[in-house]
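Residue-level listing of the chains:
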Amino acid sequence: MDDLLNIVKGCISNDHKYQKMIYEKYRGFALKTVFRYIYIYERATDVMNDGFVKLFQHFSSFKWQEVDDLEKMLMGWIRRIMINTAIDELRKAKMVPEIGGIPEYVWEVTDNSQQADQLMLYKDLIICIKRLPPQYRVVFNMYVIDGYSHYEIADTMQFSVGNSKSTLSRARALLQKFIKQEEGAIVWSL
Amino acid sequence: MEPLDHDMDDLLRKAAADYPLNEGESDWDKLSARLSEIPVEPEVAQRKNFRYYFLLIFALVLFLVLGGLFYYDRHRNELMNETKYTRSTSDSIQAQVFEKNSNKNDITVQSNDKIISQKSTDLVESKVPIRRIIQSSGDKFPTIVKSPGSIKNSPGKERPPGETTDYFSFIAENKSGGTDKAITESAYVLKSSRVKALPVILQYAIPEPALRLTPIRIQSNHLQSQKGLYIGFNGGPELSKVGSQTIARTGYHVGVLLGYRFNTKLSVESGIMVGKKKYYSMGEFFSMSKIASTMPLGMEIVNVDGQSSQLEIPLTLKYDFLQRTQSRFFFTAGVVSYVYLQEKNHYQTKLNGVEENQMGMYKEDHFSLTSELQISGGYEHTLGKSVRFRIEPYKKIPLKKSGMGSMSVFSSGVNIALIRSFGK
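In what follows, the accompanying structure is described. Small disclaimer: the values here were computed from a predicted structure and weren't measured.

Quick look at the overall build of chain A now. Broken down by element type, chain A carries eight helices and zero strands. Listed N to C, the secondary structure of chain A is α-α-α-α-α-α-α-α in terms of helices and strands. Looking at chain A residue by residue over its 190 residues, the buried ones come to 50%. Considering only contacts in chain A between residues 6 or more positions apart, those separated by 24 or more positions represent 68%. Surface accessibility of chain A: about 9300 Å² in total, with carbon and sulfur atoms responsible for 50%.

Close contact between helix 2 (residues 16–37) of chain A and helix 2 (residues 28–36) of chain B brings their axes to 11 Å; oriented N to C, the two are set at 135°. Put simply, helix 2 of chain A runs oblique to helix 2 of chain B. The handedness of the crossing between helix 2 of chain A and helix 2 of chain B is right-handed. In contact with A:His16, A:Gln19, A:Lys20, A:Tyr23 and A:Glu24 of helix 2 of chain A, helix 2 of chain B contributes B:Trp28, B:Leu31, B:Ser32, B:Leu35 and B:Ser36.

Now for the interface of chain A and chain B. It is common to give the size of an interface as the accessible area that goes away when the parts come together. With 51 residues of chain A at the contact, the number on the chain B side is 48 residues. In this assembly, chain A and chain B are joined by two salt bridges. In this structure, the salt-bridge partner of B:Arg34 is A:Asp50, at a minimum N-O distance of 2.9 Å. Scanning the region where chain A abuts chain B turns up 18 residue pairs in polar contact (both at pLDDT 80 or more). Sorting the residues of the side of chain A that touches chain B by element identifies helix 2, helix 3 (41–57), helix 5 (113–130), helix 6 (134–145) and helix 8 (161–189) of chain A as the ones contributing at least two each. Here the element with the most residues in the side of chain A that touches chain B is helix 2 of chain A; it accounts for eleven residues.

This paragraph deals with the packing of aromatic side chains. Following the criterion strictly, the structure yields 20 aromatic pairs over all chains and no others. Relative to B:Phe262, the ring of B:Tyr260 has its centre 5.3 Å away and its plane inclined at 65°; by these criteria the two rings are edge-to-face. Taken together, A:Tyr23, A:Phe52, A:Phe56, A:Phe59, A:Phe62, A:Trp64, A:Trp77 and B:Trp28 form an aromatic cluster joined through their ring pairs. Just above the ring of B:Phe330 sits the side chain of B:Lys318; from NZ or CZ to the centre is 4.8 Å. Directly above the aromatic system of B:Tyr230 lies the positively charged group of B:Arg388, at a separation of 5.0 Å from the ring centroid.

As a further point, take the environment of B:Ser287. Residues and elements named next belong to chain B. With respect to the element layout, Ser287 can be found in the loop between strand 8 (266–282) and strand 9 (300–323). Linking Ser287 and Gly405, residues 118 residues apart in sequence, is a C-alpha distance of 4.6 Å. Aside from chain neighbours lying at most four places away, what touches Ser287 is Met404, Gly405 and Ser406. Within the structure, Ser287 has its side chain in polar contact with the side chain of Ser289 (distance 3.1 Å).

What counts and what doesn't
- Residues numbered from 1 in each chain as written.
- Chains lettered and ligands numbered in written order.
- Predicted model: local features only at pLDDT ≥ 70, side-chain atom pairs only at ≥ 80, totals over all residues.
- Heavy atoms only, no water.
- Helix = DSSP H or I, 4+ residues; strand = E, 2+ residues; numbered from the N terminus.
- Buried < 20%, exposed > 50% of the residue type's maximum accessible area, 1.4 Å probe, protein only.
- Contact = heavy atoms within 4.5 Å.
- Areas by Shrake-Rupley, 256 points an atom, 1.4 Å probe, with all protein chains shown as cover.
- Axes fitted to C-alpha atoms, helices over the stretch in contact; angles between N-to-C directions.
- Parallel < 35°, antiparallel > 145°, perpendicular 65-115°, else oblique.
- Left-handed = near helix turned anticlockwise from the far one by under 90°.
- Salt bridge = Lys/Arg side-chain N within 4 Å of Asp/Glu carboxyl O.
- Polar contact = N/O pair within 3.5 Å; in protein donor to acceptor, adjacent residues only side chain to side chain.
- Phe/Tyr/Trp six-rings, centres within 6.5 Å; stacked < 30°, edge-to-face > 60°.
- Lys NZ or Arg CZ within 6 Å of the ring centre and 35° of its normal.

Here it is in C-alpha cells:
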C-alpha cells in the first residue's frame, strides 16, 4: 500500500514514471470494463487510452480517506472514468447498433484445463451482454455489473428514471433469450 | 420466460471481472506522447433537442391557422343567416321594411314612403332553388333582394302546430329594371325564428309599381361552393430508389389529409402520414460515416437492402386548373418534412475477402424539416354533396440526404384519397 500511495502521489505530480506504473497495473482492468460497453475491440482499446488520458489529467481531484481503502477507491475511480468515456463514445455514435461478429483473437487462450470451462462460460456470458443494443447494454452494465442506481443511470444517460427501469427490464428479457440460445448451441455441439 | 434472478446477476458480475480478454500490447508510448501535449478537453456540446419543440409549435400553429379559418368561415355563415339587410349601391332601389303579424298570415309591407298591405293569399310559392341572396349590414333601411325559392308558408298549406315560417330569400331589382348590383355571390337562407325581434322578410308578389320583383336564376356550381376546410384519408403505394439505381420493393404511406380552400382555384394542404420507404443501393452510394465506428475495421459494404419507417408531414399548394361540374384537374407543389422512426438495413459486407450478410436495425427520433420536394397532378371527382374522390400521382425529390447511409432517395407513387368538405 505504501508503494501504491507513493505511485498515486507521483501521478498527482504528473510524474510519467508513476503514470506508467498505474497504466500497466490497471490496463487489463480498464480494458475489460470498457469492452463490456464498446462492441468493437479496436475501438475499446482507443477508448481505454482516452480514459487514461482523462484520468491522468484530473488525477489531482482523486481523494481518498483510508490508505487501506486506497486501491479499492482508485479502482472505483478508474472504472467510473472508463465507463463515462465509453458512454461518451457510444453517444458520439448516437447509440447506433454495431454489426459484425467478435473475432476470436480478442479472447485470451488459457492453458489451465480446470479453469477453461469456467472461462468459456464467462466469455459466452459477456458475448451475450455485448449482443444487446447499445442503450440496453449500457443500462444493464451500469445497473447489474457496476452497481449504479437508476437515478445515476438516468442522470448519466439524460433520460428519466422510468426509462432506465424499463430499459433494464427489456435488456434482461433480451439477455435471457440470448443465453437460452447459447445453451441450446452448447447442447447441440455436445 | 422467467426474468434473470440474483444468482444470475452474481454470475454475470463474476464473468465481468474474470472473463478471458486478450489485453494486447502496451500502448504507453503513444499515451505518453499525448500526455506530454497540452491537454485540451473537448467540450461535449449539450444541445437541447429543439426539434421536438419545433415540431410541436409547427403542429400547433398549423392547427390554429386552419381552425381559425374554419371558425371564421362558419361564423361568417352564421352572421349571414342572422342578419338580413344591406343598403343597395343603387339609389333607385327602394329600401323596404316588412313586418309580419305573427298571429295571422297577413303581411304588412312598409316601404320608405308608404305602407302596403298584402294578404297572405298573394304569397307565391316558387320551385326554383334559391341561389343568391343579399349580405347584411344592419342598415336601417335595407334592400330586400328577392329570388325565387320555395317557401313553406304558402297559403293553403298546413303547417305543423307551433312552427313558424321557415326559410326565405330575396333578390330585388331596381326601378329601372336592372339587377341590383349589390347582389353578392354568396347564398344563404333566412330563418324567421331568428328574427323575431326584427322585421320579417317574406317572399311575396307585390303589385307595386315602385318595386319590381323578378326572379333571378343563378347557376350553381357544386365544386365552386366548397370553400373552406376539408379533411380526408389518403394513401397509396410508393416506389423508392437511390439515385438512378434499381427499385427493389414497394413501400407505402397512409394517413390524414387536411386542407383549406381559399377560392375556386387555390387551396393549401397538409396532414400527417405514416410511411415505409424500401430501397436498394450498391455500397459505393452508401456513406459509412455514421456507422464506421460500429463495424470491424476494414469491413466494406457491398450492397444494402433497406427500409425506413417515418412520419410524413406534407405542406403543399394546390391549384385547380380545369374545373367541371362534377370534377376537376389540379396540380400541387410543396415540401415534405419527416420524423424518422426506424431503419432496418440488410448489408452484404466483405471483410478480408470474406463476404457475409449482416443486419442493422436503428431506432431513430430524428426530425428533418423540408426533407423532400413534392410535385403532383391529379383528378378529383365529386361523389356526393361534400365528398370527393381523388387520384394523384406524385414525385418526391430529395432536398437532403437521409438515413444511416446519407443517401438521396427519390420516390414516386400514387395517392388515393376520400375527402369531405366542411365549407359552404
